[in-house]
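Results of the structural survey
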Amino acid sequence: MATTEFDLGKIDELIASEEATLEPKHRESIAYREVANRHVAGGVASSWQDSPPHAIFIDRGQGSRIWDIDGNEYIDFHLGYGAMVVGHAHPLIVEAIKRAAERGTHFAQPTKDLDVIGENLSDRFKVPLWRFANSGTEATLEAIRLMRANTGRDMIVKIEGSYHGHHDSIMFSVAPNRSEIGPREHPVTVPQAMGTPQAFADLVRVVPFNDLAEAKRAFEENPGKIAGLIVEPAMMNAGVILPEPGYLQGLKDLCHANGALLAFDEVKTGGTLTYGGAVEAFGVVPDVICLAKAIGGGTPCGAIGSTEELYGPVIRGDYDMAGTFNGNPLTMAASRATLIDVLTPDVYEHFNRIDKVMKDGLSSVVEKYEMPCYVTGLGAKGSVIYSEQPVREYRDAVGIDERISYLAWLFQQNRGVFKSPWTKQETWTLSVAHTEDDAQRYIANFEEFAAAVTS
Ligand SMILES: Cc1ncc(COP(=O)(O)O)c(C=O)c1O
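Residue positions are counted from 1 within each chain, in the order its sequence is given. Reporting in this predicted model follows two pLDDT cut-offs: at least 70 for local features of residues, and 80 or more for side-chain atom pairs to be given and counted; totals over whole chains, interfaces and linings ignore these cut-offs and use all residues. For side-chain calculations, the full set of non-hydrogen atoms in the structure is used, while hydrogens and water are omitted.

1. Remarks on the overall build of the chain
We apply this condition: In this description a helix means any DSSP run of H or I spanning at least four residues, a strand means any run of E spanning at least two, and both kinds are numbered starting from the N terminus. This radius of gyration counts C-alpha atoms alone. The globule rule is 2.2 Å times how many residues there are, raised to the power 0.38. Each residue is assigned to one of three classes by its accessible area relative to the maximum for its type, calculated with a 1.4 Å probe on protein chains only: buried under 20%, partly exposed between the two thresholds, exposed over 50%. What makes two residues a contact is simply this: any of their non-hydrogen atoms within 4.5 Å.
Secondary structure summary: the chain contains 16 helices and 14 strands in total. For 455 residues, the compact-globule estimate of 2.2 N^0.38 gives 23 Å, and the C-alpha radius of gyration of the chain, at 22 Å, lies within 12% of that figure. Each principal axis of the C-alpha distribution contributes one length, and for the chain these read about 65 × 55 × 45 Å. Counting only residues that meet the buried cut, the chain has 57% of its 455 residues in that class. In the chain, the share of contacts with a sequence separation of at least 24, taken over all contacts with a separation of at least 6, comes to 74%.

So this is what it looks like as structure tokens:
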């Protein structure tokens, strides 16, 4: 069966009825947005907090639960785009932040958390040196600049359908429409935001995921020009797409054979897939690693890992890798507690246990209702992909009708499960606080969705 075999007429009807159920539950959110709208553009803090049907304003969180300003309680599988694998308001992290705040919230001078955090990250990700930043965007910005600084080249290769943050060097071909992507051998470098100069697009060559031959073509067509390739080792913004065996090592070999560098964007995979992120899961150590989200226990965070050689220009002072808030004491305190005390090796056994419950339960629903979709993921990350054929790259996912994931989102939302925005086939994330019962709720809701769409 293909996606087209979902009855889209029925899905439209179900969407209308689920939206009608949802709207009255969010009266406060809808009203407050109008208030915020008076002095905040669009009434939200970030464009991606405005996912249809309407922005939902959150009051508080505790463990695996959050409450919106209307008082609705949810089990949270969104977890702030995967940053909150520690669960909400974890006592050790609350205590660490409180203690740090009482001693002063910012100095723009280094503090004595650096060695412990750096050592832990090196133990996990197998590169020796780190610097800190305040977001995934800053981490990939510095990773790209580090690759350019060390090679003296300007071009970057990126994977179609991956998001690496909102800076001008890389915010291309994130979620392009089918009509604009061009041929697979030469994908169009499509800006994700207006106002991005064409000069930046000219420096970005886009290639499909899981295809070494196409990556090779990019290098062959641009001899001596490519500084490096940045890849999410497992793609997370078009559902979860895992790398095929040998792909990541092949990229590393290809980059090195061409005098270029390989960066892993582990902003979503770091701290979630395994103790050592994608490096451990897939056994490949890249030249540069970008981290953010999960490593900061919910504070604005980022980290860039690399070798002594590649950090040479920074250490010598030829390259200012700077930021007023880099190494901020609140972030450092939260990161230290997160990495040392909360995301300990045994936590990944917990993620694997709940992941198995999720995968077994959802897969048996898919089988029972003969739905054209499958379940995938690793560790704390997973997703249902609404395609019967395995999705290996963005182009396999771009044809999937978004109404299906929207309806699945509505079913969960109306039944007490907060999922990440449906627009990008978003993944679920598990936290240390999630239980098998939480997973069973997700599965039961999914079964109601399955029964409705197939009846
Ligand atoms: C893989 C990846 N890289 C980078 C980023 C950017 O991180 P931030 O939103 O913290 O700037 C994101 C954000 O979702 C991401 O998913």
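Once the structure has been displayed, the description carries forward.
2. Digging into the packing of aromatic side chains
How two aromatic rings sit relative to each other is set out by the distance from centre to centre and by the angle between their planes. As a reminder of what qualifies: Stacked, tilted and edge-to-face are the three classes applied to pairs of Phe, Tyr and Trp rings, where Trp contributes its six-membered ring and a pair requires centres within 6.5 Å; stacked means planes under 30 degrees apart, edge-to-face means over 60, and tilted covers the rest. Definition used: whenever NZ (Lys) or CZ (Arg) falls within 6 Å of the ring centre and also within 35 degrees of the ring normal, the charge is taken to sit over that ring.
One pass over the structure, following the stated rule, counts 14 aromatic pairs. For the ring pair Tyr74 and Phe418, a centre distance of 5.0 Å and an interplane angle of 85° mean the geometry is edge-to-face. With Tyr74 in strand S3 (residues 73-76) and Phe418 in strand S13 (residues 417-418), the pair connects residues that are 344 residues apart, well separated along the chain. Owing to a relative accessible area of 8%, Phe418 belongs among the buried residues under this scheme. Each ring, one from Tyr348 and one from Phe351, has its centre 5.5 Å from the other, and the planes form 80°; the classification is edge-to-face. Taken as a pair, Tyr348 and Phe351 lie in helix H13 (residues 345-368) at a separation of three residues, close to a single helical turn. Phe351 shares its class with Tyr348; the two are buried. One aromatic cluster is present, formed by Phe6, Tyr386, Phe411, Phe446 and Phe449 through successive ring pairs. The residue whose ring lies beneath Arg60 is Trp67, and the NZ or CZ to ring-centre distance is 4.1 Å.

3. Concerning the sheet that holds strand S14 (residues 428-429)
Selection criterion: At least two bridges found by DSSP between two strands are what make those strands a pair. Helix axes are fitted only over the stretch in contact, all axes being lines through C-alpha atoms; the angle between N-to-C directions runs from 0 to 180 degrees.
Sheet architecture is open: three strands sit in the order S11-S12-S14, paired in antiparallel fashion. The outermost strands of the open sheet, each flanked by one partner alone, are strand S11 (374-378) and S14. In this sheet, S14 lies alongside strand S12 (residues 381-385) in antiparallel orientation, the contact comprising two bridges. Opposite Lys381, over in S14, you have Thr429 as the bridge partner. Here H13 sits on the sheet in contact with S11, S12 and S14, set at roughly 170° to S11.

4. Section: the side chain of Ser420
The cut-off we apply is this: Each polar contact in these results corresponds to two N or O atoms within 3.5 Å; when the atoms are within protein, one needs to be able to donate a hydrogen and the other to accept it, and residues that are neighboring in sequence are counted only if both atoms are side-chain atoms.
With respect to the element layout, Ser420 can be found in the loop between S13 and S14. When its relative accessible area of 4% is taken as the criterion, Ser420 is described as buried. In this structure the side chain of Ser420 is engaged in a polar contact, spanning 2.6 Å, whose partner is the backbone oxygen of Thr427.

5. Structural notes on helix H2 (residues 27-36)
The condition that has to hold: Picture the helix axis, draw a direction to every C-beta atom, and the arc is the one those directions span.
Where H2 is concerned, the buried positions are Ser29, Arg33 and Ala36. Looking down the long axis of H2, one finds its buried residues gathered within 65° of arc, a one-sided arrangement. Of the residues in H2, the exposed ones pointing more than 90 degrees away from the buried face are Arg27 and Glu34.

6. Structural notes on the pairing of strand S10 (residues 302-306)
With five of five residues buried, S10 lies mostly within the body of the structure. When strand S4 (residues 129-133) meets S10, the two strands line up antiparallel, connected through five bridges. Paired with Arg131 across the bridge in S10 is Ile304. Pairing between strand S9 (residues 288-291) and S10: four bridges, direction antiparallel. When the bridges of S10 are listed, Ile289 appears paired with Gly305.

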